[in-house]
Amino acid sequence: MKNIILIGMPGSGKSTLGVLLAKAVGYSFIDTDLIISRKANMPLQQILDTDGLDSFLKLEEQVGEELECTHTVVATGGSMVFGEKAMKNLRKNGIVIYIKVPIEEIKRRVTNIRTRGIAFHKGDTLDDVYKERTPLYEKYADITVDFPDGGDLENTIDKMVAAYKNYVKEN
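Each chain has its residues counted from 1, following the order in which its sequence is written. For this predicted model, a pLDDT threshold of at least 70 governs which residues receive local features, and a threshold of 80 or more governs which side-chain atom pairs are given and counted, while totals over whole chains, interfaces and linings are taken from all residues. Note that the side-chain values use all heavy atoms of the structure and ignore hydrogens as well as water.

Chemist: Honestly, the overall build of the protein chain in this entry has me stumped. Any pointers?
Modeler: Helix numbers and strand numbers start at the N terminus; a helix is a DSSP run of H or I with at least 4 residues, a strand a run of E with at least 2. The secondary structure content of the protein chain amounts to eight helices and five strands. In the protein chain, the succession of α and β elements from N to C terminus is β-α-β-α-α-α-β-α-β-α-α-β-α. A compact globule built from 171 residues would reach a C-alpha radius of gyration of about 16 Å, and the protein chain, at 15 Å, matches this within 12%. Overall, the C-alpha framework of the protein chain stretches about 45 × 35 × 25 Å when taken along its three principal axes. By sequence separation, contacts in the protein chain at least 24 residues apart represent 73% of the contacts at least 6 residues apart. Taken over C-alpha atoms, the radius of gyration is set against a globule rule of 2.2 Å times the number of residues to the power 0.38. Residues count as neighbours in contact if any of their non-hydrogen atoms are within 4.5 Å of one another.

Chemist: Please clarify how the sheet that holds strand 4 (residues 94-100) should be interpreted in this entry.
Modeler: Across a sheet, paired strands are connected by hydrogen bonds in the backbone, their directions being either parallel or antiparallel. If you trace the five strands from one edge of the open sheet to the other, you get 2-3-1-4-5, paired in parallel fashion. Of all strands in the sheet, those with a lone pairing partner are strand 2 (28-31) and strand 5 (143-146), marking the two edges. Direction aside, neighbouring strands of the sheet carry axes that sit 25 degrees apart on average. Where strand 4 meets strand 5, four bridges bridge the pair, whose relative direction is parallel. Paired with Tyr98 across the bridge in strand 5 is Thr144. To obtain an axis, a line is fitted to C-alpha atoms, over the contacting stretch when the element is a helix, and the angle between two such axes runs from 0 to 180 degrees between their N-to-C directions. Contacting strand 2 and strand 3 (72-75), helix 2 (residues 32-40) runs over the sheet at an angle of about 55 degrees to strand 2. When DSSP finds two or more bridges between a pair of strands, those strands are recorded as paired.

Chemist: Can you help me understand the nonpolar core in this one?
Modeler: Proteins that are soluble and globular tend to have nonpolar side chains buried together. Ile4, Leu6, Ile7, Leu21, Met87 and Met160 are the most contacted members of the largest nonpolar core, which totals 43 residues. It is helix 7 (residues 126-140) that provides the largest number of residues to this core, a total of six residues. With sequence-adjacent residues up to four places away left out, Leu6 is seen in contact with Lys14, Leu17, Gly18, Leu21, Val73, Val74, Ala75, Thr76, Ile97, Ile99 and Met160. Nonpolar cores are built from buried Ala, Val, Leu, Ile, Met, Phe, Trp, Tyr and Cys residues. Side-chain atoms within 4.5 Å join them into one set. Here the term buried applies to any residue with accessible area under 20% of the maximum for its type, exposed to any over 50%, and partly exposed to those in between, with areas from a 1.4 Å probe on protein chains only. The next biggest cluster of nonpolar side chains, apart from the first, holds ten residues, and it includes Ile36, Ile47, Phe56 and Leu59.

Chemist: Which parts of the structure should I look at to understand empty space enclosed by the protein?
Modeler: One simple way to see leftover space: roll a probe sized like a water molecule over the atoms. Each cavity reported here is a set of points on a 1 Å grid over the protein atoms alone in which a 1.4 Å probe fits but cannot get out, each pocket an open set with protein on both sides within 12 Å along at least five of seven lines, and each lining residue one with an atom within 4 Å of a point. Grid points are joined across faces, edges and corners, and a volume is the space filled by probe spheres set on the points. Under the definition given, this model contains one cavity of 30 Å³ or more. Computed from the structure, the largest cavity encloses a volume of approximately 40 Å³. Contributing elements (two or more residues each) for the lining of the largest cavity: strand 1 (3-7) and helix 5 (84-92).

Chemist: What am I meant to see in the layout of surface pockets here?
Modeler: Space inside the largest pocket adds up to approximately 310 Å³. What lines the largest pocket is a set of 21 residues, among which Pro10, Lys14, Asp33, Gly78 and Arg116 lie closest to the centre. Elements with a contribution of two residues or more to the lining of the largest pocket: helix 1 (14-25) and helix 4 (53-66). Nonpolar residues are Ala, Val, Leu, Ile, Met, Phe, Trp, Tyr, Cys and Pro. Charged residues are Asp, Glu, Lys and Arg, and all others, Gly as well, are polar. Of the residues that constitute the lining of the largest pocket, the class distribution is six nonpolar, nine polar and six charged.

Chemist: How should I be thinking about the pattern of salt bridges in this particular structure?
Modeler: A side chain with one charge can pair with a side chain of the opposite charge if their charged atoms come near. One side-chain nitrogen of Lys or Arg within 4 Å of one carboxyl oxygen of Asp or Glu is enough to make a salt bridge. Following the criterion strictly, the structure yields five salt bridges and no others. The salt bridge partner of Glu66 is Lys39, with a shortest N-O separation of 3.3 Å. In this pair, Glu66 is assigned in helix 4 and Lys39 in helix 2, connecting sequence segments 27 residues apart. Of the residues examined, Lys39 reaches a relative accessible area of 44% and is grouped as partly exposed. Residues joined in a network through salt bridges with shared partners are Glu105, Arg108 and Arg109.

Coordinates in, geometry out; function isn't part of it.
Have a look at this one:
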């Protein structure tokens with residue numbers, strides 16, 4: 001079985017769902033944001049503040065491009081989809097699940113856009129980030145799972161597991 005790669009907006013639940021999904025399928029779990037922080041020896045927001053957006057995106061792409069694992073659920077940072085080389089590597093070794101959450105729910109969950117370590121251009125809003133990234137999430141997704149309103153986590157995990165198993169069986 002391949003890795004399961006989770007993509008989606010900040011606040012979509014990639015890390016939370018990823019841990020639960022890993023337990024459900026018996027996989028390991030990796031959060032690329034933690035790898036980036038460890039590599040830079042500072043939190044994501046500090047990387048953005050100190051080194052800037054372009055440096056952050058370059059480091060994020062490098063982490064995604066170099067990531068080697070098997071039987072692992074990988075929660076990516078929301079901006080990983082900007083790194084073409086990263087996404088090529090992740091897709092080569094895994095099945096990509098887009099956790100699709102409506103912008104209204106993202107806004108409800110993400111109240112700290114300026115301090116959370118979200119990669120965005122100065123002056124952008126969450127709406128702008130959503131509009132820019134959604135086509136990339138859709139482009140790279142093998143599977144899309146709707147997670148409309150922060151509802152039942154177990155239901156969502158069940159949907160993700162079923163979608164993953166169906167995808168593997170059909171491909």
